[in-house]
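Observations on chain architecture
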Amino acid sequence: MEIKAYDSGLLASNMYIISENGHAVVIDPSRDTSPAKGLTVDLLIVTHEHYDHISGVNDWKREYGAPLLCSEKCAENLGNTLMNQARHFDVFCELQTWIKLDEIPRTDHAYTCAAEKTFTDSMSLEWQGHELRLIEIPGHSQGSIGIYLDDDGFFSGDSLLEGKETELRLPGGSKKQWREIGEPRIKAVPEGTTIYPGHFGKFVKI
Ligand SMILES: [Zn+2]
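Because the structure is a prediction, the values reported are computed rather than measured. (Residues numbered from 1 in each chain as written. Predicted model: local features only at pLDDT ≥ 70, side-chain atom pairs only at ≥ 80, totals over all residues.)

The next subject is helix H5 (residues 175-187). In this model, H5 (13 residues) spans only 16 Å end to end at C-alpha, well below the 18 Å of a helix rising 1.5 Å per residue. Considering bend angle alone, the principal kink of H5 is centred on Ile181 and spans about 40 degrees; proline Pro184 follows within four residues of it. Looking only at H5, the buried set comprises Gln177, Trp178, Gly182 and Ile186. (Helix = DSSP H or I, 4+ residues; strand = E, 2+ residues; numbered from the N terminus. Expected span 1.5 Å × (residues − 1). Bend = angle between axes of the 7 residues up to and from the residue. Buried ≥ 20, exposed ≤ 12 C-beta atoms within 10 Å, placed from the backbone.)

Written out as structure tokens, the structure reads:
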């Protein structure tokens, strides 16, 4: 199995391609569909509804015909340009001070996409001899999830970034949901697990 990260070009968010036996699962698809050329893309998953994590969903569907799986809350927000941030994403980028932007991304302010499959709370699925376990982690956004890959990897979306406080102030963010549901679930990710975050490089949970 191989896990590769690709910078989306939008605030250094990561697209991940997990591949095994010529098949692939893509997490947070960005607009470049070329890295999976020659692979059968079985499934697209988004960690949450924000534009920098969903911008390529429609491109990947068109190119590979793969269905999108996410939480039910995320699916509700994918079609809403306020909640998915498409409406104000470029303005949001202009205000960032923590990342040096060469250019402000050109955002489709009317961007929406849709999910074919959804879940609430948690679900697991078998894929190419591996187990993917998806769990809701509300707080950063209503639709945020984390994804365990077998017992040694965890895709955290924006709910766990190395050395950063989890951002709870964006549309759909909730301190209450984070405190009551999201944060305990992040804390429960075992020490030593490799974290594949929504932005920046992978790290080991301590
Ligand atoms: Zn986000």
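The next subject is the nonpolar core. With 41 residues, the main nonpolar core has Val26, Leu44, Ile45, Cys70 and Ile147 as its most contacted residues. Ignoring anything within four residues of it in the chain, the contact list for Leu44 reads Val26, Pro29, Val57, Trp60, Ala66, Pro67 and Leu68. (Core = buried A, V, L, I, M, F, W, Y, C linked by C-beta atoms within 7 Å. Contact = placed C-beta atoms within 7 Å.)

Taken across its 7 residues, strand E2 (residues 14-20) has 5 buried, putting it largely inside the fold. Of the pairings in the sheet, the one linking strand E1 (residues 2-7) to E2 comprises 6 bridges and is antiparallel in character. Within E2, the position partnered with Asp7 by the bridge is Asn14. Counting the residues in the hairpin turn of E1 and E2 gives 6 residues, including Gly9, whose phi is positive at 85 degrees. In terms of strand pairing, E2 meets strand E3 (residues 23-27) through 5 bridges, oriented antiparallel. Each residue of the ladder has a partner; that of Ser19, found in E3, is Ala24. With antiparallel pairing between neighbouring strands as the criterion, E2 and E3 make up a hairpin whose turn holds 2 residues, including Asn21 at a positive phi of roughly 55 degrees. (Pairing = 2+ DSSP bridges.)

Positive phi, close to 65 degrees, is recorded for Asp121, a residue that is not glycine. Take Asp121: it is sitting in the loop between strand E6 (117-119) and strand E7 (122-127). At Gln128, a position not held by glycine, the phi torsion is positive, near 50 degrees. The topology assignment puts Gln128 in the loop between E7 and strand E8 (130-136).

The next point concerns the environment of Leu132. Looking at where Leu132 falls in the secondary structure, it is placed in strand E8. According to the C-beta neighbour criterion, Leu132 is buried, with 22 such atoms within 10 Å. For the pair Leu132 and Asn14, spaced 118 residues apart in sequence, the C-alpha separation works out to 18 Å.

A sheet is described by the order of its strands in space; here 6 strands give the open sequence E1-E2-E3-E4-E5-E6, paired in mixed fashion. The strands lining the two open edges of the sheet, one partner per strand, are E1 and E6. Strand after strand, the sheet turns through a mean of 20 degrees between neighbouring axes, direction not considered. The strands touched by helix H2 (residues 57-64) are E3, strand E4 (40-45) and strand E5 (68-71); relative to E4, the strand with the most contacts, the crossing angle is about 155 degrees. (Axes fitted to C-alpha atoms, helices over the stretch in contact; angles between N-to-C directions.)

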